[in-house]
Amino acid sequence: MVTSVFDALADPLRRRLLELLADGDRTAGDLAGEFSVSRPAISRHLRVLRDAGLVTWRGDAQRRVYRLEPSRLDEAAGWIERTRGNWADRLDAFGRHLDEQWKDTP
């Protein structure tokens, strides 16, 4: 589940879409107007974000209005926080190992 969020966040255009939606709900047309890529390309990016659970949409007459779902970002942030200490410990141990190796070098 978290993997699909990270996959979706890997693309800079999708990250920008999320930034725009963080300011409030936007129509697909409004979002597409912010980019120099085609509307079908924006639609594909929005589908990836929907599939990852990062955005939802509702119909409003002929338009789709997209909304950010921050709870999925919270899940990813939680995973990062849980693993951050582990990586910090490993990097510290690696640094100590390198220090020991250099101490013994003439």
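- The chain goes by Transcriptional regulator, ArsR family in an unreviewed UniProt entry, where it is assigned to Amycolatopsis marina.

## Notes on the overall build of the chain
- Regarding its fold elements, the chain presents five helices and three strands.
- Reading the chain from its N terminus to its C terminus gives the helix and strand order α-α-β-α-α-β-β-α.
- Its C-alpha radius of gyration of 20 Å places the chain more than 25% over the 13 Å reference for a compact globule of 106 residues.
- By its C-alpha atoms, the chain is 75 × 30 × 20 Å across when sized along the principal axes.
- In the chain, the share of contacts with a sequence separation of at least 24, taken over all contacts with a separation of at least 6, comes to 53%.
- In the form shown here, the chain has an accessible surface area of approximately 7,300 Å², with 52% of it arising from carbon and sulfur atoms.
- Each charge class in the chain can be summarised by its mean position, and for the 18 positive and 18 negative side chains these summaries are 8 Å apart.

## Examining the packing of aromatic side chains
- This model, assessed by the stated rule, comprises one aromatic pair.
- With centroids separated by 5.4 Å and ring planes inclined at 65°, the aromatic side chains of Phe6 and Trp79 adopt a geometry described as edge-to-face. Of this pair, Phe6 sits in helix H1 (residues 2-9) while Trp79 sits in helix H5 (residues 70-103); the two residues are 73 residues apart in sequence, bridging distant segments of the chain.
- Seen from the ring of Trp57, Arg64 lies directly overhead, with NZ or CZ sitting 3.8 Å from the centre.

## As for a nonpolar patch on the surface
- A cluster of nonpolar side chains, namely Phe94, Leu98 and Trp102, defines an oily patch on the protein surface of about 360 Å² accessible area.
- Following the sequence through the fold, Phe94 ends up in helix H5.

## Considerations on the pairing of strand E3 (residues 63-68)
- In terms of strand pairing, strand E1 (residues 26-27) meets E3 through two bridges, oriented antiparallel. Paired with Thr27 across the two strands is Val65, which belongs to E3.
- As paired strands, strand E2 (residues 55-60) and E3 are joined by six bridges and run antiparallel to one another. Opposite Asp60, over in E3, you have Arg63 as the bridge partner.
- Hairpin connection of E2 to E3: two residues between the antiparallel strands, including Ala61 at a positive phi of 60°.

Reading the values: rules and limits
- Residues numbered from 1 in each chain as written.
- Predicted model: local features only at pLDDT ≥ 70, side-chain atom pairs only at ≥ 80, totals over all residues.
- Heavy atoms only, no water.
- Helix = DSSP H or I, 4+ residues; strand = E, 2+ residues; numbered from the N terminus.
- Rg over C-alpha atoms; globule rule 2.2 N^0.38 Å.
- Contact = heavy atoms within 4.5 Å.
- Areas by Shrake-Rupley, 256 points an atom, 1.4 Å probe, with all protein chains shown as cover.
- Lys, Arg positive; Asp, Glu negative; His and termini not counted.
- Charge placed at Lys NZ, Arg CZ, Asp CG, Glu CD.
- Phe/Tyr/Trp six-rings, centres within 6.5 Å; stacked < 30°, edge-to-face > 60°.
- Lys NZ or Arg CZ within 6 Å of the ring centre and 35° of its normal.
- Patch = residues over 30% accessible without salt bridge, like charges linked within 9 Å, V, L, I, M, F, W, Y side chains within 5 Å.
- Salt bridge = Lys/Arg side-chain N within 4 Å of Asp/Glu carboxyl O.
- Pairing = 2+ DSSP bridges.

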